[in-house]
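Survey of secondary and tertiary structure
Residue-level listing of the chains:
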Amino acid sequence: MSHAAIVAREYGIPAVLGAAGATGVIPDGSTITVNGDQATVHLASEPETATVSTVD
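Residues numbered from 1 in each chain as written. Predicted model: local features only at pLDDT ≥ 70, side-chain atom pairs only at ≥ 80, totals over all residues. Heavy atoms only, no water.

**Looking at the overall build of the protein chain**
Formally: Segments assigned H or I by DSSP are reported as helices when at least four residues long, segments assigned E as strands when at least two residues long, and all are numbered from the N terminus. Summary of the burial criterion: residues with accessible area below 20% of their type's maximum are buried, those above 50% are exposed, and those between are partly exposed, where the area comes from a 1.4 Å probe applied to protein chains only. Note on areas: these come from Shrake-Rupley sampling with a 1.4 Å probe, and a residue is covered only by the protein chains present in the view.
Assigned secondary structure in the protein chain consists of two helices and two strands. Reading the helices (α) and strands (β) of the protein chain from amino to carboxyl end gives α-α-β-β. Per-residue burial for the protein chain yields a buried fraction of 18% across its 56 residues. Counting every atom, the protein chain has about 4,200 Å² of accessible surface; 52% of that belongs to carbon and sulfur.

The following block contains the structure:
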């Protein structure tokens, strides 16, 4: 578990961490929405959810 994950858990802040391959899948300059409660990352141009990784 990373320091960021520990801090997010301690403060009850939803977070998406360890999204393996995200920088290779999401094009530079893309607008994204990160939902820490559901551990999803949405590309703004796509209406459907593109889940990159989940947080345990």
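**What to know about the pairing of strand 1 (residues 32-35)**
To keep things clear, this is the line we draw: Paired strands, as defined in this entry, are two strands with at least two bridges between them according to DSSP.
As judged from the four bridges shared by strand 1 and strand 2 (residues 40-43), these two strands associate in the antiparallel manner. For I32, the partnering residue across the bridge sits in strand 2 and is L43. Linking two consecutive strands that pair antiparallel, namely strand 1 and strand 2, is a turn of four residues; a positive phi of about 55 degrees is found at A39 within it.

**Description of the side chain of T40**
The criterion, for reference: Any pair of N or O atoms that falls within 3.5 Å is considered a polar contact. Within protein, one atom must be able to donate a hydrogen and the other to accept it, and sequence-neighbouring residues count only if both atoms are side-chain atoms.
In this structure, T40 sits in strand 2. Among the polar contacts listed, one links the side chain of T40 to the side chain of H42, at a separation of 3.0 Å.

**Some remarks on the environment of V34**
Put simply, the rule is: By definition, residues are in contact when any of their heavy atoms lie within 4.5 Å.
Assignment of secondary structure puts V34 in strand 1. For V34, a relative accessible area of 46% translates into the label partly exposed. Sequence spacing of V34 and A15 is 19 residues, and the spatial spacing of their C-alpha atoms is 8.2 Å. Here V34 is in contact with V16, T40 and V41, once residues within four sequence places are set aside.

**A closer look at unusual backbone geometry**
Despite not being glycine, A39 shows a phi value in the positive range, around 55 degrees. Within the secondary structure layout, A39 lies in the loop between strand 1 and strand 2. Its relative accessible area of 7% is what places A39 among the buried residues.

**Quick look at a nonpolar patch on the surface**
Defined as follows: Residues qualify for a patch when their relative accessible area is over 30% and they have no salt bridge, like charges being joined within 9 Å and the nonpolar side chains of Val, Leu, Ile, Met, Phe, Trp and Tyr within 5 Å. The working definition used for a salt bridge is a side-chain nitrogen of Lys or Arg within 4 Å of a carboxyl oxygen of Asp or Glu.
Taken together, the side chains of V7, Y11 and I13 make up a nonpolar region of the molecular surface, amounting to roughly 320 Å² of accessible area. Counting through the fold element by element, V7 comes out in helix 1 (residues 3-11).

The values are spatial; any link to function lies outside them.
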